[in-house]
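Examining the three-dimensional arrangement
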Amino acid sequence: MLAISASGKAAACELTILTSYPSSFYKPFIDLFNEQRGITDVCVQNKNTIGLIAHMRESRRPVPDIVWASSPVAFELLDQQGALARFPEKAQSPSDRVGITVDAPNGSRFGFALSTVGVMYRADAVSLPTSMEIADLAAPEYVGMVGMSSPSRSGTTHLFVENLLQQYGWQEGWALLSQIGGNLATVTARSFGVRDGVARGRFAYGIGIDFLAQAQLPSGEGLSFHSFTPGWYFPASVAVTGLGASNALSLEFVDFLRSRDAQELLLEPQIRRIPIDPGLWKKIGFSPLNYKPAHRLDLKLAAARIAVVNALFDDMVTHRLLEIQKLWGSLRRLESTPVIAQSDSMRPLLESVRDALEVVPVAAFMANEQSFERVFSDSVPLENTVAGRLRVQDSWSNDFSQRFKSARELIARMDSFQSHLDTGAFE
């Protein structure tokens, strides 16, 4: 355990870093930084993105100098809470990278690599179409073949969920997430579990980030990766905390990650990330000219409703996975049954089941309200939030339970209708 001084800073550390990256990723960078600076006492603490946010919100010790993670939403949230120092004079223009924004304009975070979200798979086992949209994962042919992590446990998964909601809209987006949930083989505790599940053949396709799929496995192999169409890229970033602003090594570390030596380190087989240095793009065949995003992710909106979105997903999908798998399986079976789909009395029941599975008990305007988000925020005193949080979560849970119960009853009615037809009871 690190020794902590009275200020909350790790006393034995010249630089303290809080990161969502595993040691296999960050260690080569720390080793090179130490070698170039002639230091040895850089201390690193690893937490997933959601844990990282909570660490900063609650001012846990050790208080870091540097925050280092993939999700720009996490940095937006921390900046809104005043946890990050700002250096606007160091922010670079997106015009240098064909419109891809790497740095926050106010200098609160600085990109060091580019990432994209898509599907990872083993090319020796399965294949994917040349062009794949997010909505394609809801198709019946992917039933039981997809793995993803929970957005409440993974910042990049939350980025996928939020991007989907902004791209398709709140209502249609949740309908699509429910359909994808019906196809899931599992919801893993961390994003690394998705990669491991694909590598071991537990499921064929995994929703995740490019570098996680393409970085070399211990066996020397890497997974294939297919980004969603239209593609979208976001910056993996580094930021200096309020405390870190007084440590000269903090900005030195930021500059180091954007230096040519560190950028070239990103190209190593065990790392495999897209550098922000345009001079290195040809080495990996990356061309931003092919980058045609469907939209620009609204980071302020994503940060404002992160806890609401995560909680809704867990209540709808993560905690009800077996149930939602069965319900979608039954609905698709009945929708493909001619005597049901063509019956004037049964078609409304099919529509009601679909509505029950696709609707969430929160309207978009409610999710976007900061006052609503505060109920789920760890940054406010627990005594003022626990009761309200439990009431809201109980109401959501009851709503989902009633909807899914109604769906089961309607499915049973349609099965009974078909059974009577098959036995000639209605003749």
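So, here is what we can say about the structure in this document. (Residues numbered from 1 in each chain as written. Predicted model: local features only at pLDDT ≥ 70, side-chain atom pairs only at ≥ 80, totals over all residues. Heavy atoms only, no water.)

Some remarks on the overall build of the protein
Helices and strands together make up the secondary structure of the protein, namely 18 helices and 11 strands. For the protein, the residues scored as buried account for 54% of the 427 residues in total. When the accessible surface of the protein is totalled, it reaches about 18,200 Å², and 50% of it is carbon and sulfur. (Helix = DSSP H or I, 4+ residues; strand = E, 2+ residues; numbered from the N terminus. Buried < 20%, exposed > 50% of the residue type's maximum accessible area, 1.4 Å probe, protein only. Areas by Shrake-Rupley, 256 points an atom, 1.4 Å probe, with all protein chains shown as cover.)

Things to note about the sheet that holds strand E6 (residues 146-149)
By definition, the strands of a sheet pair up through backbone hydrogen bonds, in either a parallel or an antiparallel sense. Taken in spatial order, the five strands of this open sheet run E7-E6-E8-E5-E9, and their pairing is mixed. The two strands at the open ends of the sheet, each matched to only one other strand, are strand E7 (184-188) and strand E9 (224-227). Neighbour-to-neighbour, the strand axes of the sheet open up by a mean angle of 30°, direction not taken into account. Two elements, E6 and E7, share four bridges in a ladder whose sense is parallel. Residue Val-146 lies in a different strand from E7, and its bridge partner there is Leu-184. (Pairing = 2+ DSSP bridges. Axes fitted to C-alpha atoms, helices over the stretch in contact; angles between N-to-C directions.)

Digging into the pattern of salt bridges
When charged atoms on two side chains of opposite charge get close, those side chains can pair. Taken as a whole, this structure holds 19 salt bridges when the rule is applied. Lys-90 is the partner of Asp-255 in a salt bridge, and the nearest nitrogen-oxygen pair spans 2.8 Å. Placement of Asp-255 in helix H8 (residues 248-257) and of Lys-90 in the loop between helix H3 (72-80) and strand E4 (110-115) is noted, with a sequence separation of 165 residues between them. Overall, the relative accessible area of 38% leaves Asp-255 in the partly exposed class. We classify Lys-90 as partly exposed; its relative accessible area is 25%. We note a salt bridge from Asp-344 to Arg-347, for which the minimum N-O separation is 2.5 Å. Given the relative accessible area of 60%, Asp-344 is considered exposed. A residue is classified by how much of its surface remains accessible, and Arg-347, at 34% relative accessible area, is partly exposed. Linked by salt bridges that have partners in common, Arg-260, Glu-264, Asp-277 and Lys-283 make up one network. (Salt bridge = Lys/Arg side-chain N within 4 Å of Asp/Glu carboxyl O.)

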